[in-house]
Structures are given as structure tokens and as C-alpha cells.
Amino acid sequence: MAAGNTTTTHLTRRRIRSIAAALLCATALQLAAPADAADEYRTVTVADPYIEMHSGPGRGYPVFHVVDRGESVEIIKQRADWFLVRAGRGKEGWVKQEQMNRTLQPDGNTFSVPRPSIEDFTNAKWELGVLAGDFDGANIVSLYGSYSLNPHVSVELWGSQILGNFSDGWMASANIVHETWPEWRVSPFFTMGAGIIRTEPKTTIIQPEDRTDEIGHVGAGFRIYITRRFLFRAEFKSYVVFTSRDENEEVEEWKAGFAYFF
Amino acid sequence: MESRIRILFLIAAIVSLSGCAATKSLFGFGGRDEPPPSAEPPGQVIDPQVERREIREPRIDRENWEIGAFGGVMSIEDFGTDAVYGVRLAYHLTEGFFVETTVGTARAGLSSFEVLSGGARLMSESERDFIYYNLNVGYNILPGEVFIGEGRAFNSSLYLIAGLGSTRFAGDDRFTVNVGLGYRFLITDSIALHVDFRDHLYDIDVIGEEKTAQNPEGHLGFTVFF
């Protein structure tokens, strides 16, 4: 078992090292080839009396230049709610989305970046989230991905790490979720599913060896639309662990977290 | 009753008779707005010969992700200070908030107990590998600009982070909470330098009784927005 641990840790270290190396290579490549993005930008014309160019993409950055009505600007990039634009004579600055939304595209239509709304929350196909909470006294950190078959029914895959005082473990499960009122901002749901749980007792505790068991669960919770593509999710699940011993274990889990839908 | 129904049918029949102009205007239907038929045939209708310009809109480059690597020093409680390095991935939600995940690794040295006792070892060599991951929420609390010399200004931001994750150390995974303060210095609009100070807290019982260990870390990193 100690030997197994050694290899795993070494593998993990090596993996982190290779990820770091790959990242460095990727960033070096990106630095070496900055020209490819510089070829073509979207151009819009100012329709308001003027738009303000700020020195940075955030609150408080001062206005250092204004672009008058009728002049056009190139959109170089977008970061959160700010656009880096280039005006005449190569002046570059950040413009807030509200002002950009009142500029005109070459075809005469208003420039607008679609902003996700509660309808997207109801109709989104995919969802990715992180939740944390309590799993029978232990801490649990979970990552999940969800795919909606229709606004009411979706299927989910979960991976969780359980960090307790006496044992650690992993859990993987698949479940089906039913939302009765998916168009509500606070949308309740019911869920059931099955999976496996791996329990590894702490090294300082003398206990039987690691074990893997099957689990089944039912649960309920709610999803709350916050803003843009984000939602808050809180849920309760009741697990049955089908152990190899005489009695099955029952475990209660409470957790909450955030998710992103797209 | 019967006669009323008959009257209704009659009215319906009259209305549906297209020839009866008087009934039509009585009930408000029909072509009252019809222009009188013009005596001369309509003139040449302008046939637009302009070709519609095909406008292909280039996509806007969205740069909300930030990826990079870092290296620094980390003090592992009871086990000395050692080099730490890792990778970072962040997503900027708004101008203020971002979410971030970091993965880092360090190697624990000997505790004073192990040094003083001579040969005794609390854990194997492989268990000294310290690996952590964290999922954090960050907030740019003090965005600003830095001036270098007369004509150069760089954007920067002081941010706070807090989050949770797990640390593998001394043979076990430990639930870890981390909080920190960082400084982001943007060399260009897409490349940033970071200086971070973070504290990783977890419960550990390797040396005697269980306690909450503080593991402060300071690192220097660089990231690219994409």
C-alpha cells in the first residue's frame, strides 16, 4: 500500500510538472505570435454625442479621450463588461458596454452583445458547477456537469472528493434531475441516481483497508439564477451505501455552490 | 328565440355577401381606404440595381480567461520552508469578481523533532510531497494604475481571494481553506505579473494531537489573458 502511495504521489508530481511545462510552452507560443489576432477587427460608428475611453477596464479608471459622433472605432477585445477600442490616430482605450451598445454597425443596426437572461437559465443545455458542503460530518467538494434533455429533465455526472477526520475518499455518480418549474428564478428540483464511493481510512488510524462500494441516492434542492450565466445551487441528498457488510450505510449530504450554464 | 337566431344568421349571410357595399360600410368592414383607380398606368417602379454588400463581421476577441504559472516559497508548519510552484487558471466574471483555481506542489523538510531525535522519521519520503489544489473566488479590491517614469502607465490591481480545496500531505488528503492577497501588474493588456501571499489552513495530527496548521505561501507568477 505504501508503495502504491509512493507511485501515485510521484505520478501526480510529475503530472503537475508536465502541465506547468506545457503551460509555459503555450504562453511562449502566444507571445511569439501576437500578430495573428491583429488582422481584422469589427468596426462600429459612434451614434451618441460621444463615447468615453477609459485608461483601464474597471471602475475608477479616468476618461482620457472621447470619440465624437460619426467617428468609427475598431473593437480589439472584450473583457467582462469592457471593450478595448482603437480610434483615429491609434488611440486605444476601454469603453463600457452600455456606451458600446449605443454605437452602430456598418449595416446600420445597433451594436449589441447578447446578454444572457433568465430565459437562457431555463433553456440552457449545459451546466458546469462546483459545490461544497457536509457529507456525514466530513467535508465534501464536488464538481458536476449537466446536460438538459428538455427544460424539465437533465442528466448529470458528479465527481466528489470527501475529506473527513477519519477517512478520505472519492465518489462518482450519475443522476437524473427533474425541475418542475424551470422558468422560475428559484427553481426547485428532485434528483435520484447511483454511483460508486471509494473510502480510504487515514494513515494515522488503524482500520480495515480501502474499500469501494456502490451507492444509490435521492435528493432535492433548488437552483437560483443570479446573473449572466451564473446560478447558485443548494441541495440535500440521502445516500445508501451498499456495503459488503451485513448492514447498508445511510449517509446524508448537504451542499451548496455555484454553476455556469451555456 | 328562434327568430333571433334567424336574424343572426341573416346578418351573417348579408355580411358575407361581398357585393353589398352598403352593408359592408355599415358594419365597418371592407375597402373604405381603397384609393380610387388611377386613370393612367403606374409609372416605372424603381428597380434597385444596387448589390447588397456582404458584411462579414469579425468575431470579437473575448479575453476573460487568465492562465499562468507561479513559483515561490511556502512554509509548511513544523516542516520548514521550501520552494513551491504551480499553475493558475482564472475566469473574470465582472470587472471586480473572478473565480480561480490553483494547483501547486512543494516538498516538506524535517520537523525539529526529526532533526533532534536523530534517525526517527514521522513519514516516508514520498509522504513529504505536498500537493494542493484550490477553488477560489477573488475580488479586485483596489484597481489602479502604476506610473513608471514620465510617460508610462500600467494597469494594476490589488485583489483578495478566498476558497477551499484539498492538500495531499503526510499520506492523506486534507480539506484546506485558503485566503490571500495578491497584486496583479499588467505589462500589456494581455500579460500580467502577479505577487501573491496566501495562507493554507488544514487540520493535521501528524505531530501529536490534532491542530489547525497554518501554511503561508508567497509566490511570483505570470499569466496570459486569452
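See above for the structure.
Below, the structure is looked at part by part.

Conventions used here
Residues numbered from 1 in each chain as written. Chains lettered and ligands numbered in written order. Predicted model: local features only at pLDDT ≥ 70, side-chain atom pairs only at ≥ 80, totals over all residues. Pairing = 2+ DSSP bridges. Helix = DSSP H or I, 4+ residues; strand = E, 2+ residues; numbered from the N terminus. Buried ≥ 20, exposed ≤ 12 C-beta atoms within 10 Å, placed from the backbone. Core = buried A, V, L, I, M, F, W, Y, C linked by C-beta atoms within 7 Å. Axes fitted to C-alpha atoms, helices over the stretch in contact; angles between N-to-C directions. Contact = placed C-beta atoms within 7 Å.

## What to know about the pairing of strand 1 (residues 42–46) of chain A
Taken together, the four bridges between strand 1 of chain A and strand 4 (residues 72–79) of chain A define a ladder with antiparallel strand orientation. Its bridge partner lying in strand 4 of chain A, A:Thr45 is registered against A:Ser72.

## So, unusual backbone geometry
Within the chain, A:Asp136 stands out as a residue other than glycine whose phi angle is a positive 50°. Residue A:Asp136 is classed as partly exposed on the basis of its 15 C-beta neighbours within 10 Å. Located in the positive-phi region is B:Asp78, a residue other than glycine, with phi close to 75°. Positionally, B:Asp78 belongs in the loop between strand 1 (65–75) and strand 2 (81–92).

## Side note on the nonpolar core
Grouped together as the largest cluster of nonpolar side chains are 20 residues, with contacts concentrated most on A:Met53, A:Val67, A:Val73, A:Phe83, A:Val85, A:Trp94 and A:Val95. Only strand 1, strand 2 (50–54), strand 4, strand 5 (82–86) and strand 6 (92–96) of chain A provide two or more residues apiece to this core. The leading source of residues in this core is strand 5 of chain A, at four residues. Ranked by size, the runner-up nonpolar core spans 13 residues in total, among them A:Ile140, A:Met171, A:Ile197 and B:Tyr202.

## Quick notes on the sheet that holds strand 3 (residues 97–107) of chain B
All names here are of chain B. Spatial strand order, 1-2-3-4-5-6-7-8: eight strands in a closed barrel with antiparallel pairing. Neighbour-to-neighbour, the strand axes of the sheet open up by a mean angle of 25°, direction not taken into account. Here 17 bridges tie strand 4 (residues 129–148) to strand 5 (residues 152–169), and the two strands are oriented antiparallel to one another. Residue pairing across strands places Asn134 opposite Gly165, the latter belonging to strand 5.

## A closer look at the environment of B:Leu201
Residues and elements named next belong to chain B. Within the secondary structure, Leu201 is located in strand 7 (residues 191–204). According to the C-beta neighbour criterion, Leu201 is partly exposed, with 18 such atoms within 10 Å. A C-alpha to C-alpha distance of 8.7 Å links Leu201 and Val179, two positions 22 residues apart in sequence. Discounting chain neighbours no more than four positions away, the residues touching Leu201 are Thr176, Val177, Thr212, Ala213 and Gln214.

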